[in-house]
Structure formats: structure tokens, C-alpha cells
Amino acid sequence: MSYLLPHLHDGWEVDQAILSEKDKVVIIRFGHDGDRTCMKMDEMLFQIAYPIMNFARIYLVDISEVPDFNNMYELFDPCNVMFFYRNKHIMVDFGTGNNYKLNFLLPDKQELIDIVECVYRAAVKGRGLAVSPFDYSTKYRY
């Protein structure tokens, strides 16, 4: 499904995508296009692209093609989803300890829609950290 979403092929395009949106959240999936986790995340992002089109834009970046951001954003996981609003990185507290990016696969698309809505509401209010409506910590699983 990655071919149905817009790809950014160099660092300048990534910067322009982040800078050009004034009133929408920019969602960028950093990862390898051939990775199974990324394929599942791309399918989920494609499914939510229409419901969130009024307040968010989705882009895909292959980190082997565009290695410019690998060290800056610590993109060492196979699939990373990051949120930006008005040229500012919006962090999200998932309860996992890593507030910079979403680096795991979500169970269903409604959770991702809820997270994007939460990020948008926090970003419009000027907050740099949004709290996820779901807790993904493992403290209740043991």
C-alpha cells in the first residue's frame, strides 16, 4: 500500500513537507518500504488518510533512500511514525518511555485515528507533548 501514499525522496522534500503545512499535522512514516511492519503500518495509514484529511497529511520516507534524518531522530527501528505541526516536532506520551516517535504497530486503525486527533488538539493549543488516549506500557501485562 505504500505506493498509494506520497513518498518523499530527499531531505529537502521532507523539510518542505514539514514547513509548508500551516494548519495540519504532518505525519511522516520513516522506515524501509520492503519491511513487513512498515507495510502493515502503510496499509493502516492509507486506511485512515481519508478520515483525517481535514487536519493531517501523511508522507512516507524510506530511510535507506533518505539517510539524512537517521541520527537526528534516532531512526533505528524498522518503522517509525513522527508527528509535526507548524515546523515543530510534536511528541506523544504512549507510556513506553519513547515520546519522540511511534515505533510499534497498533492493533487497529481507530486507535491511530484517536492518536492523530489527540496530537492535533494538543498541537493547536501550542503544546509540544500530547498524551495518548491509550496506555501502551507493559506494567499491567505481568
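Everything here concerns the structure above.
Source: prediction; values computed, not measured.

Cut-offs applied
Residues numbered from 1 in each chain as written. Predicted model: local features only at pLDDT ≥ 70, side-chain atom pairs only at ≥ 80, totals over all residues. Heavy atoms only, no water. Buried < 20%, exposed > 50% of the residue type's maximum accessible area, 1.4 Å probe, protein only. Helix = DSSP H or I, 4+ residues; strand = E, 2+ residues; numbered from the N terminus. Arc of directions from axis to C-beta. Contact = heavy atoms within 4.5 Å. Axes fitted to C-alpha atoms, helices over the stretch in contact; angles between N-to-C directions. Parallel < 35°, antiparallel > 145°, perpendicular 65-115°, else oblique. Left-handed = near helix turned anticlockwise from the far one by under 90°. Nonpolar A, V, L, I, M, F, W, Y, C, P; charged D, E, K, R; others polar. Disulfide = S-S within 2.5 Å. Pairing = 2+ DSSP bridges. Right-handed = clockwise from strand over helix to strand, strands pointing away. Salt bridge = Lys/Arg side-chain N within 4 Å of Asp/Glu carboxyl O.

A.B. asks: Report on helix α1 (residues 11–20), specifying residues and quantitative values.
C.D. replies: Along α1, the positions that sit buried rather than exposed are G11, V14, A17 and I18. Projected down its long axis, α1 shows its buried positions confined to an angular sector of 125 degrees, all on one face. Residues of α1 that are buried sit in contact with β1 (7–8), β2 (25–31), β3 (56–62) and β4 (79–85).

A.B. asks: Could you give me a rundown of the packing of helix α2 (residues 36–49) against helix α3 (residues 109–124), with the residues and numbers involved?
C.D. replies: Packing of α2 against α3 leaves a shortest axis separation of 10 Å and a crossing angle of 65 degrees. Classed by the angle they form, the pair α2 and α3 counts as roughly perpendicular. Between α2 and α3 the crossing geometry is right-handed. Along its contact with α2, which presents M41, M44, L45, Q47 and I48, the element α3 presents K109, L112 and I113. Looking at the contact of α2 with α3, its residues break down into six nonpolar, one polar and one charged.

A.B. asks: Help me get a handle on the state of the cysteines, residues and values and all.
C.D. replies: Under the definition given, this model contains zero disulfides. Of the cysteine sulfurs around C38, a residue in no disulfide, the closest is that of C79, at 3.5 Å.

A.B. asks: I'd like a rundown of the sheet that holds β4, residues and numbers included.
C.D. replies: Reading across from one edge, β1-β3-β2-β4-β5-β6 is the order of the six strands in this open sheet, with mixed pairing throughout. The open sheet has two edge strands, β1 and β6 (129–131), and neither has a second partner. As paired elements, β4 and strand β5 (residues 88–93) share three bridges and run antiparallel to each other. When the sheet's bridge partners are listed, F84 is paired in β5 with H89. With respect to the sheet, α2 is in contact with β2, β3 and β4, its orientation differing from that of β2 by roughly 160 degrees.

A.B. asks: I'd like a rundown of the pairing of β5, residues and numbers included.
C.D. replies: Here β4 folds back onto β5 in antiparallel fashion, the turn holding two residues, of which R86 has a positive phi close to 50 degrees. Relative to β6, β5 runs parallel, the two being bridged by three bridges. Among the inter-strand pairings, V92 is bridged to a residue of β6, identified as A130. With respect to chirality, the unit in which β5 leads through α3 into the neighbouring parallel β6 is left-handed.

A.B. asks: So, the pattern of salt bridges: which residues are in play, and what are the values?
C.D. replies: Using the criterion set out here, one finds four salt bridges in the structure. When the shortest N-O distance is used, the salt bridge between E21 and R57 registers 3.7 Å. Within this pair, whereas E21 is found in the loop between α1 and β2, its partner R57 is found in strand β3, the two being separated by 36 residues in sequence. For R57, a relative accessible area of 31% puts it in the partly exposed group.

A.B. asks: Go over the side chain of N70 with me, naming the residues and quoting the values.
C.D. replies: Mapped onto the fold, N70 is located in the loop between β3 and β4. A relative accessible area of 17% places N70 in the buried class. Excluding residues that lie within four positions of it along the chain, N70 makes contacts with I63, L75 and F76.

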